[in-house]
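Report on the structure
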Amino acid sequence: MPLSLSNSGIFMKRFYLVDCNNFFVSCERVFNPALLNKPVVVLSSGDACIIARSNEAKALGIPMGAPLYEYEALIKKNNVHVYSANFSLYGDMSSRVMQTLGECASELEVYSIDEAFLHVSDHNFPVNYSSRFYYTSYGHHLKSLIKTRIGLPVSIGIGPTKTLAKISAEFAKKNPVYDGVFDISERPDKEQLLQLIDIKDVWGIGRRYGKKLIALGIKTAYDFMGMDDAWVRKNMTINGLKTLHELRGISCLDLEDVQEDKKTICVSRLFGEKLTAIEPIREALASYVSSAARKLRLQKSITKQISVFIVTSKYHDPHNYFRSMSFELSMPTSYTPLLIKAVHRCLEQLYKPGLQYKKVGVVLSDLVAADCLQLSTYEQTPDLNNQSILMKTMDIMNSRWGRDKIFFAACGTKQLWKMKQTRKSQCYTTNWNELLTIKV
DNA sequence: TCTGGGGTCCTAGGACCC
DNA sequence: TCTGGGGTCCTAGGACCC
């Protein structure tokens, strides 16, 4: 079996993966140190599911993605601190981390809100760095820099490929001996280490493929490395083959350091409670599409196609459970009032009186750059210019004074549809009125 | 009774064209 | 019994990620 991970030479390019530990929980802890060493969980929007857990909460057996109601008793019994998601706080803390990493790397890929891949080159290292372990030493430097500047703990994995860097990060996180930084390329015992990695935990092998592989007796990353290329290509697509090669130490996935524009933008949320009347659903939809349009303008795009979907309970109403419709706009746009009109038209078609709706959503697709808009002569009206000025003004005002300081009347003021978020911490870093106060 | 939200990519198969 | 060959485009469905 072709299992050797050769060429771990010192000059080989390394991938770093920096991963913030229990990110949402750690953000809460920065501003509330009383939470340190205590079990803490953070909930999804609408307080429905548990989407982040401190190590202490994990130790209690609370799984990722679990619905809150199933664990309410356990939470109460063990005094678990519970927070509603505070995405403006987490987003801001994330951009601080990425800013610091950007200063320390030759290339940076912001992979998610709490993870980044990077390359470092010689000029990032201090002059007196020597020894073949300097990649690891630099990892420790990055780790303490983020702790000092931002207050967040991170784990850092290093490897000859992205997939192996991910695996390194798991060792860094789980085994205290490594003090948060691990480089698999330095290890003579790589193969034994990869035998410790559950196949389902390999980046790119999800639940489905994991199950399929286990049925074939492939239980670990090491087992997978010995598989036949052709079989993997046929049964797991080109992406499976890339994962296979990456595990063997052949880099197939590069850093993607330019942020690509989104190809679709989707905004959807559960209602706080089930809705039957159309009016609050119209308002929720207007509000969601306003937010989608703001994201659209942020990346300087316009949309040609808009879809709306509406969801009832799967159990009560299997026939009407999910209904959607979409249509092409006569002219691509990012002008919120036109988009509100469009989603309301869709809703008229989809809505049936008497049903209990629990969620609605809007998807903007077929996005193109705003400056690509081709206009025929008769379409070049002053209106277009006014629309763009109005949107720009709104966006500037809302970014300066806070989200939704001004909004369209169609979004309503009662917000009957709004989800509950009863346990949210303050926006310590993004709202002047919610700064941390310290009593002495 | 109550189970998130927001993305990307790949592939097979059908429609259509010359 | 016979029923081309090769291409493109679109879509739905299935997989993955955090």
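No experiment lies behind these values; they were computed from the predicted model shown. Residue positions are given per chain, counting from 1 as you read along its sequence in written order. Key to labels: chains lettered from A, ligands numbered from 1, both in the order written. In view of the model being predicted, local features appear only for residues whose pLDDT reaches at least 70, and side-chain atom pairs are presented and counted only at 80 or more, with totals across whole chains, interfaces and linings using the full set of residues. Only hydrogens and water are set aside; all other atoms, that is, all heavy atoms of the structure, feed into the side-chain values.

A separate point is a positive patch on the surface. A grouping of Lys262, Arg269, Lys295, Arg403, Lys418 and Lys424 is seen on the molecular surface, where their side chains present a positively charged patch. Numbering of helices and strands starts at the N terminus; helices are DSSP runs of H or I of at least 4 residues and strands are runs of E of at least 2. Along the chain, the position of Lys295 falls in helix H11 (residues 278-298). Using a relative accessible area of 36% as the deciding quantity, one classes Lys295 as partly exposed. Like-charged residues within 9 Å of one another, or nonpolar side chains (Val, Leu, Ile, Met, Phe, Trp, Tyr) within 5 Å, are grouped into patches, provided each residue has over 30% relative accessible area and no salt bridge. Per-residue accessibility takes into account occlusion by the displayed protein chains alone, with areas from the Shrake-Rupley method and a 1.4 Å probe. Each salt bridge in this description consists of a side-chain nitrogen of Lys or Arg and a carboxyl oxygen of Asp or Glu lying within 4 Å of one another. Asp and Glu count as negative and Lys and Arg as positive, but His and the ends of the chain are not part of the count. Positions of charges follow a simple convention, taking NZ of Lys, CZ of Arg, CG of Asp or CD of Glu. Partly exposed describes any residue whose relative accessible area lies between the buried limit of under 20% and the exposed limit of over 50%, with all areas from a 1.4 Å probe on protein chains only and scaled to the type maximum.

At their nearest, the axes of helix H1 (residues 23-31) and helix H4 (residues 87-104) sit 10 Å apart, and the two run at 90° to each other. Looking at the two axes, H1 sits roughly perpendicular to H4. Across the interface between the two elements, Phe23, Phe24, Cys27, Glu28, Val30 and Phe31 from H1 touch Phe87, Leu89, Tyr90, Met93 and Ser94 from H4. Each axis is a line fitted through C-alpha atoms, and for a helix only the stretch in contact is used; angles between axes span 0 to 180 degrees, taken between their N-to-C directions. Any angle from 65 to 115 degrees is called roughly perpendicular, while one under 35 is roughly parallel, one over 145 is roughly antiparallel, and all others are oblique. Between two residues, a contact is recorded if the distance between any of their heavy atoms is within 4.5 Å.

A word on the pairing of strand S7 (residues 154-159). Regular strands show a simple pattern: their side chains alternate between the two faces of the sheet. Burial within S7 is extensive, with six of its six residues counted as buried. Covered by surrounding structure in S7 are Val154, Ile156 and Ile158 together with Ser155, Gly157 and Gly159, the residues of both alternating faces. Judged from the six bridges that link them, strand S1 (residues 15-20) and S7 form a sheet pairing that is antiparallel. Looking at the pairing, Asp19 lines up with Ser155 of S7. Relative to strand S8 (residues 181-183), S7 runs parallel, the two sharing three bridges. In the strand pairing of S8, Gly157 is matched with Phe182. Crossovers are marked right-handed if the path from the first strand over the helix to the second runs clockwise, as seen with the strands pointing away from the viewer. The handedness of the S7 to S8 crossover, carried by helix H6 (residues 162-174), is left-handed. Whether two strands pair comes down to DSSP finding at least two bridges between them.

Bringing the protein's contact with DNA strand C into the picture now. Near residues are defined by distance, with any heavy atom within 4 Å of the molecule or strand qualifying the residue. Inspection of the region around DNA strand C gives 13 residues, with Asp114, Lys166, Gly206, Arg208 and Tyr209 positioned closest. Put simply, 100% of the atoms of DNA strand C that lie within 4 Å of the protein are in sugar or phosphate. Taking Asp114, its side chain carries an N or O atom lying 2.9 Å from a sugar or linking oxygen of DNA strand C. In this structure, Arg208 approaches DNA strand C through a side-chain N or O atom, which is 2.4 Å from a phosphate oxygen. Throughout this entry, Asp, Glu, Lys and Arg are counted as charged residues, while Ala, Val, Leu, Ile, Met, Phe, Trp, Tyr, Cys and Pro are counted as nonpolar. The remaining residues, Gly among them, count as polar. Split by residue class, the surface near DNA strand C holds five nonpolar, three polar and five charged. In protein, a polar contact requires one atom able to donate a hydrogen and another able to accept it; more generally it is a pair of N or O atoms within 3.5 Å, and residues adjacent in sequence count only if both atoms are side-chain atoms.

Here we take up the side chain of Lys190. Its place among the elements puts Lys190 in helix H7 (residues 190-195). It is Asp189 that comes nearest to the buried, bridge-free Lys190 among opposite-charge side chains, at 7.4 Å. Within the structure, Lys190 has its side chain in polar contact with the backbone oxygen of Arg187 (distance 3.1 Å).

Further remarks concern a nonpolar patch on the surface. On the surface, Leu436, Ile438 and Val440 cluster together into a nonpolar patch covering about 400 Å² of accessible area. Checked against the element boundaries, Ile438 lands in the segment after helix H13 (382-401).

Our focus in this paragraph is the protein's contact with DNA strand B. Taken together, the neighbourhood of DNA strand B is formed by 22 residues, with Lys263, Cys266, Ser268, Arg269 and Leu270 sitting nearest. Near-protein atoms of DNA strand B (within 4 Å) split between backbone and bases, with sugar and phosphate holding 73%. Those elements giving two or more residues to the surface near DNA strand B turn out to be helix H10 (229-247), strand S9 (265-275) and strand S12 (357-369). Considering each element in turn, the surface near DNA strand B owes the most residues, seven residues, to S9. When the residues that make up the surface near DNA strand B are grouped by side-chain class, the tally is nine nonpolar, six polar and seven charged.

Here we come to the domain arrangement of chain A. On domain assignment, one finds that chain A holds domain 1 (1-185), domain 2 (188-259) and domain 3 (265-411). In this document the domain limits rely on a domain assignment from an automatic tool or a database. Taking the mean C-alpha position of each, domain 1 and domain 2 sit 22 Å from one another. Counting residues at the interface gives 26 residues for domain 1, matched by 24 residues for domain 2. Accessible area that two parts lose when put together, with a 1.4 Å probe and added across both, is what the buried area reports. Taken together, the two surfaces of domain 1 and domain 2 that pack against each other cover about 2300 Å², and 68% of this comes from carbon and sulfur. Joining domain 1 to domain 2, the criterion identifies zero salt bridges. Looking at the side of domain 1 that touches domain 2, the elements that each hand over two or more residues are strand S5 (107-112), strand S6 (115-119) and H6. In terms of residue count, H6 provides more of the side of domain 1 that touches domain 2 than any other element does, six residues in total. In terms of residue class, the side of domain 1 that touches domain 2 is made up of 16 nonpolar, six polar and four charged.

Now for a negative patch on the surface. Together, Asp254, Glu256, Asp257, Glu260 and Asp261 give the surface a local cluster of negative charge. Structurally, Asp257 can be placed in the loop between H10 and S9. The exposure class of Asp257 is partly exposed, given its relative accessible area of 40%.

Note that a disulfide, as used here, is simply two cysteine sulfur atoms within 2.5 Å. A complete count under the given rule lists zero disulfides for this structure. With no disulfide of its own, Cys49 lies 16 Å from the sulfur of Cys266, the closest cysteine sulfur. By relative accessible area, Cys49 is classed as partly exposed at 25%. Just so you know, Cys427 is unpaired, no disulfide at all, and the nearest cysteine sulfur is the one on Cys27, 12 Å from it.

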